[in-house]
Structures are given as C-alpha cells and as structure tokens.
Amino acid sequence: MKKIFLCFSVVSLFLFSCRQKETADKIFFNSKIWTGDSSQPWAEAIAIKGNKIIYIGKDFQQFKGSNTETVDLNGKLLVPGFIDNHTHFLGGGYNLASVNLRAAKTPLEFISILKIYCQQNKDDRWIQGGDWDHEAWGGELPTKEWIDSVTGDHPVFVNRYDGHMAFANSKALTLAGINKNTPVPPGGEIIKTKDGELTGVLKDEAMGLVYKVIHDPSKEELDECLQRAIQHAFENGVTQVHDMGSYGGWIDMDTYRRNYENKKLDIRIYSFVAISTWKKLDSFCKKNDKGDDMFRWGGVKGFVDGSLGSTTAWFYQPYLDAPNTSGLYVTDTTDLHNWILAADSAGLHVAVHAIGDRANDFLLNIFEEAEKRNAKDHRFRIEHAQHLTQAAITRFAQLNAIPSMQPYHAIDDGKWAYKRLDDARLKGTYAFKSLLDTKAMLTFGSDWPVAPLKPLEGIYAAVTRRTLDDKNPGGWYPEQKISVEQALKCYTTNNAYAGFQENKVGVLKPGMLADFIVLDQNILEIAPEKIKEVKVLRTIVNGKQVYERK
Ligand SMILES: [Zn+2]
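Cut-off values and rules
- Residues numbered from 1 in each chain as written.
- Predicted model: local features only at pLDDT ≥ 70, side-chain atom pairs only at ≥ 80, totals over all residues.
- Heavy atoms only, no water.
- 1 Å grid on protein atoms, 1.4 Å probe; cavity = no way out; pocket = protein on both sides within 12 Å on 5 of 7 lines; lining within 4 Å.
- Points joined across faces, edges and corners; volume = space filled by probe spheres on them.
- Helix = DSSP H or I, 4+ residues; strand = E, 2+ residues; numbered from the N terminus.
- Nonpolar A, V, L, I, M, F, W, Y, C, P; charged D, E, K, R; others polar.
- Pairing = 2+ DSSP bridges.
- Contact = heavy atoms within 4.5 Å.
- Axes fitted to C-alpha atoms, helices over the stretch in contact; angles between N-to-C directions.
- Donors = N, O, S within 2.8 Å, 3.2 Å for Na, K, Ca; no water.
- Buried < 20%, exposed > 50% of the residue type's maximum accessible area, 1.4 Å probe, protein only.

Asker: I would appreciate a short explanation of empty space enclosed by the protein in the present structure.
Answerer: If a probe the size of a water molecule is rolled over the atoms, the empty space left behind becomes visible. Tallied over the full model, the rule gives one cavity of 30 Å³ or more. A volume near 40 Å³ is recorded for the largest cavity. Lining the largest cavity are Asp84, Tyr408, Gly445, Ser446, Pro452, Lys454, Pro455, Glu457, Gly458 and Tyr491. In terms of residue count, the dominant contributor to the lining of the largest cavity is helix H17 (residues 455-464) (three residues). When its residues are assigned to classes, the lining of the largest cavity shows four nonpolar, three polar and three charged.

Given below as structure tokens:
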C-alpha cells in the first residue's frame, strides 16, 4: 500500500510541477513587489497568464515561453492596484470636463471663473459641477447677485465640493419655480438673507427642488463621463472603484452595464444604488444575480446626515460656530432603520453615509440589532465614519462593521474643523489609528469628486495628516497617523474585503486576478511628505496594461 501511495505521490508531484511550468503571457521582473500577502511580503517578479497571476517570486525564468513578453521594471515598486472604496464616478467624469470652482480662492476668482466658462460655452445649457469651497475665502456663502450679471442665459447650479450644498443663479431658481415662500423640504435648508430674500444657496434635500428640473444627461453624455473617469482612474493607479452613484445608482448601473456589454469597461466597478430602492435591487438580483469580477452590484447606499462643511452633520452637541444647530438627519430615521434591516435580510450589502457622532451611533445601533436578529457576515459599512465618540470606535471591530473612510478629507477639513468642533470631538475625528488599534477593518477611498481620485494623496494624508494649508506640519491630531504599509492595506487588501472580494483581488499571489500598478518611487522608503509627488508608471487591470506613463 505504501509503495502504491508513493508512486501516486510521485506522479502527482510530476503533474503538479508540469502545471507549475505553464508559460506566462507576461512577466514583470527586476521589481520590488509589495504583495500585501503576509506569507510572502516581498518578491522580485510577477508572471501573469490571461487575467490571473500564475507566479510571484524570484525564479520567473521557468515561466518564460517563446511568446512571453517580459518587462524590466528597473527596480521600481509594484503594488496591488488601488481600490477606491467610495466614488461618485460618473459625477467625477462629468466634472473633469466642467467648470472648476475649486480653484477659486476669493469671491472675485469665483465670479471670474464662472464668467469665463459661460463666455466659452455660448449655449443655454445648465452649468453644474464646480466643487466650490467657501471656506477657501473665509466662509462667506455666495449669493446670486455675485453671478447673475456674468452667467448670461445659462441656468447655473454648482455644488459645494462635498455635494451637500449647491448654489443657483436667478435663472435656475426661476426655472425650478423657487421663490422666497417656497416651503423648505424636510432634511433640507433654503438659505435666505436676513430680509428673507433667496441667496441661491440650497442645502441637502432642498437641492432636489432644482435637480428635479434638470434633465439627466443623455446616454452618450454618460458614456463620455464614464470613459473620462476611467482614464483618470488609471492614471492614478485605481484598478477598481466602489461606486456610490451620481444619479441614484440605477442610471449609473445602466451606464456601466452598457459599456460592459460593449467591452468598454476596463476598470472593475462595484456599483451601489439608493437604499430607498432596495426592493427593486432585490428583484433585480434574483433575476440577474450580482455580476462578475469586472462589474458587480448588490449593494445599497443610504444617508443618515449631511456634512461638516455644511453644518448638517448630525451631532449630539451644537456646532461651536452655529450654536443653534447640532446638524440634521436627511433621511427619515424610521424609514432608514427599516430599509437597512430589510435590505440586509434580503442579502444586499448595506453602506450608509454617517458623518456626525450621533449619526454614527445611530447606525451602529441598527447594525447591532441586525446582528442580534440574524447573525451572519453582513460587512455593514459606514461611509465616512468621520466623527466618532470613543465608545463608537471600539464598536466597529465588535460588530465587524467597516469604517469606509477618505483620508484626504482629514487634511482638507483639518484646516477649519476647529471652528465647528471642540477638542473632545476632534479627538475622535478621522480616528484612523484608534480604529486600527481596535482591529477594525479600516478602508480608504476618495469620495471623488469631493476629493481627488488620487490614492497616493490619500496615503500621504493618512500618514502625515498635514493639513492642506500646511499649518500642521507635524500632523493634525498626529496621534492618529498610521504607517505607509497600513495605508496601503486600507487601499488594497481591506477594500477587497469591504467588497466581498478578498479571494480575488487586493493581494498579489498565484490564482488572484492580475490587478497591479508600478510607481516611480518606493513609497515605503521615501520621506512621507514626498508621497504626494509620486507618479504611477503603469496600471494593469485583469492582466491587461491599461495605462503607461509616457
Ligand atoms: Zn460620497
């Protein structure tokens, strides 16, 4: 018996080694590869066949055949492709070609950028996007009188970069039928002068008054937005996005599907739809399943509250600079509670936006209730998880809830957050290190176009916490800084987990899908301040090189 077994082993060993020597389509060698795989953290070469990794290590020669393409990486760093956990991808693609008000550092610049844009676009099309930030000039909100005389026939409805406020000119307000007596929708705010006149600024749910009269873009326009967004993602080393939707999710998903079917979806997308439509998604999934490794769905996205910048994030205590408010919830709390439990029971993946400490606790309580009712691998996500009480920080790991955070916001909000919040609340703000210390599955992304679709800038932010105004060179709440390696994991391995894809992407080892990037500097060795200057040299998705820096 023993002999037979031995023979068998030799044969299987032989077969196994034959299989190992299959030839690669492509080998990238002479590299420093950070694999993200703790059993083999570093390697020199990676061999791929089709869309998969077949080998990673030193002895790549054995996989070289006559048709194998070899690429000498000259010692450059290769890491798993970045996954961005939170984008509004089509909106980002739209904004790439729209007016850029983020550049405005004074009201005068704001006006002149809009003026030039309107002059260059002579038709009467709606002007949207913009991503302005009134904190850049001290916090004064724009009023329609600033721009009415320079915007011609264009109706203008440009949003603050966080998407929780938007600003209309008089033409847009008229088209939307808004006047000073228009009732304020629940969960929203219409900003008026002290004499009760409209200023043009609308917050959260009130923005819907204007959005409902703006036609959604055509399919062709959406396809263009998508292709622009994909190109931009590849240039920044992003091989997958988790998309929270720009048009409620369904138009977004249709766009992705159309491009997927036309073989024009080269990036991986995990697409979420509005949680209020969970029933529709449930039926859709029962009929169509949940997609494949390139394009997946099955997630719902909700909102508890607004944003810190718009003083609509929901806190226990009032804002320091707006003592009459503690923020607000933007979705009826009973509805949201019921939708979360129902969507979760239906097997959908639940991700909900929460910024303020009270909003985060509200969600954690629901997640706890869901687990008590039905213990399973929910992987509930809190999008942003921005301001946490000390008690909340420990609950993430306990509930296996995923903090889906965007480190660039920390160095941006860090410029002015002290005006809104006291020190006690700021201590639980973007609490990356505390979350990791409690073993939470911290994940990172951008919230693009709210922040740049640039994971390297996100890593820079998480590691240095140097605010964009450079007033905190040692880091803003520096005790929350994390290491480059931890930040890399948040953008790769952990994000794969947050999308139920940890067995497919996020680490580099044989059998995994071939998603990786090459950088021009070793971010694990250079000074952290230099990370934001690092360039992506190559981006490979699903075994295909989709970008090379010229
Ligand atoms: Zn978002």
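Asker: I'm lost on the sheet that holds strand S11 (residues 156-160) in this one. Help?
Answerer: In a beta sheet, neighbouring strands are held together by backbone hydrogen bonds and run either parallel or antiparallel to one another. Spatial strand order, S9-S10-S11-S12-S14-S13: six strands in an open sheet with mixed pairing. Because the sheet does not close on itself, it has two edges, and the strands there are strand S9 (99-100) and strand S13 (188-192). Bridge count between strand S10 (residues 127-132) and S11: five bridges; the pairing is parallel. Residue pairing across strands places glutamine 128 opposite phenylalanine 157, the latter belonging to S11. Strand contacts of helix H3 (residues 107-120): S9, S10, S11 and strand S12 (165-168), with the helix running at about 155° to S10, the strand carrying the most contacts.

Asker: In this structure, what is going on with the layout of surface pockets? I would like to understand it.
Answerer: Looking at the second largest pocket, its volume works out to about 450 Å³. For the second largest pocket, the lining is made up of 19 residues, of which Tyr94, Arg125, Trp126, Gln128 and Glu221 are closest to its centre. Sort the elements by how many residues they give to the lining of the second largest pocket and helix H7 (residues 219-235) lands first, with four residues. Within the lining of the second largest pocket, the residues separate by chemical class into eight nonpolar, five polar and six charged.

Asker: How do you make sense of the coordination of the zinc ion when you look at a structure like this?
Answerer: For a metal with four tetrahedral donors the ideal donor-metal-donor angle is 109.5 degrees, while six octahedral donors give ideal angles of 90 or 180 degrees. Protein-derived coordination of the zinc ion comes from His86 (NE2), His88 (NE2) and Asp447 (OD), at a distance range of 2.1 to 2.2 Å. Each donor residue of the zinc ion belongs to the same chain, and together they define the spacing H-x1-H-x358-D. Of this pair, histidine 88 sits in the loop between strand S8 (82-87) and helix H2 (89-96) while aspartate 447 sits in the loop between strand S21 (443-444) and H17, and the two are 359 residues apart along the sequence. Classification of histidine 88 by relative accessible area gives buried; the value is 16%.

Asker: What is the right way to look at the sheet that holds strand S6 (residues 69-72) in this model?
Answerer: If you walk across this open sheet you meet the four strands as S5-S4-S1-S6, and the pairing is mixed. Two strands lie at the open edges of the sheet, namely strand S5 (52-57) and S6, each paired on one side alone. Looking at each pair of strands side by side, their axes are set apart by 15° on average, direction ignored. In this sheet, strand S4 (residues 45-49) lies alongside strand S1 (residues 26-29) in antiparallel orientation, the contact comprising three bridges. Looking across to S4, one finds that phenylalanine 28 is bridged to isoleucine 46.

The analysis is restricted to geometry; functional conclusions fall outside its scope.
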